[in-house]
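Chain by chain, the residues run as shown.
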Amino acid sequence: MLFSTLARNRTLFARRATLATTSTTSQQQLRQKSSSPIPAPVLSKWYSIFGKSTIGYATWLVGGIIVAEGLTGMLGDAFWGSVNHGRTFDTVDWSKFKTDDEEEEEEEEEEEEEEGAGDEEGDDDDDDDDE
């Protein structure tokens, strides 16, 4: 009975040693496979600034959300503008729709403005008579 207990303990110890060696090797392989593309000093610095406190992490999240929203908004607007170029108010060539009647009206308005500007200059003397 004493010898069977010793034999059993040796067998268990041998299995544990084998498992420990295997698990250590597996952990090393896992570390090598899952190495981050971001260097450890960068992650350490990020953690020391943002990750240590809840308020720092919340600030990181809010800032990231605002930046991401701005980028997606700009990209969405650029895509929409490229798809709808020539169909929006800003991109339509309005000179294509101009008629001769509109040109005559604009010329008449300009002439009226020029005549009106001449009258206003002469009216300055009339204001002095009231005093």
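Heads up: the structure comes first, above all this text.
Residues numbered from 1 in each chain as written. Predicted model: local features only at pLDDT ≥ 70, side-chain atom pairs only at ≥ 80, totals over all residues. Heavy atoms only, no water.

Peer 1: Explain the overall build of the chain to me, please; I cannot follow it from the model alone.
Peer 2: Helix and strand content of the chain: 4 helices and 0 strands. Put simply, the chain runs from its N terminus to its C terminus through helices and strands in the order α-α-α-α. Taken as a whole, the chain presents about 12300 Å² of accessible surface, with 57% of it coming from carbon and sulfur. (Helix = DSSP H or I, 4+ residues; strand = E, 2+ residues; numbered from the N terminus. Areas by Shrake-Rupley, 256 points an atom, 1.4 Å probe, with all protein chains shown as cover.)

Peer 1: Looking at this model, I keep getting lost on the packing of aromatic side chains. Mind explaining?
Peer 2: In this description, a pair of aromatic rings is defined by centroid distance and the angle of the planes. This model, assessed by the stated rule, comprises 6 aromatic pairs. Geometrically, the ring pair formed by W46 and W60 is edge-to-face, given 5.5 Å between the ring centres and 80 degrees between the ring planes. Of this pair, W46 sits in helix α2 (residues 40–51) while W60 is found in helix α3 (residues 54–83), placing the two residues 14 residues apart along the sequence. Overall, W46 belongs to the partly exposed group, its relative accessible area being 27%. You can call W60 partly exposed: its relative accessible area is 39%. An aromatic cluster is defined as three or more aromatic residues linked by ring pairs; in this entry it consists of W46, F50, Y57 and W60. (Phe/Tyr/Trp six-rings, centres within 6.5 Å; stacked < 30°, edge-to-face > 60°. Buried < 20%, exposed > 50% of the residue type's maximum accessible area, 1.4 Å probe, protein only.)

Peer 1: Looking at this model, I keep getting lost on a nonpolar patch on the surface. Mind explaining?
Peer 2: Residues Y57, W60, L61 and I65 make up a contiguous nonpolar surface patch of about 410 Å² in total accessible area. Examined against the element boundaries, Y57 turns out to sit in helix α3. Residue classification places Y57 among the partly exposed residues on the basis of a relative accessible area of 39%. (Patch = residues over 30% accessible without salt bridge, like charges linked within 9 Å, V, L, I, M, F, W, Y side chains within 5 Å. Salt bridge = Lys/Arg side-chain N within 4 Å of Asp/Glu carboxyl O.)

Peer 1: What is the right way to read the environment of S95 from this model?
Peer 2: Assignment of secondary structure puts S95 in the loop between α3 and α4 (100–122). Separated by 2.8 Å, the side chains of S95 and D93 make a polar contact. (Polar contact = N/O pair within 3.5 Å; in protein donor to acceptor, adjacent residues only side chain to side chain.)

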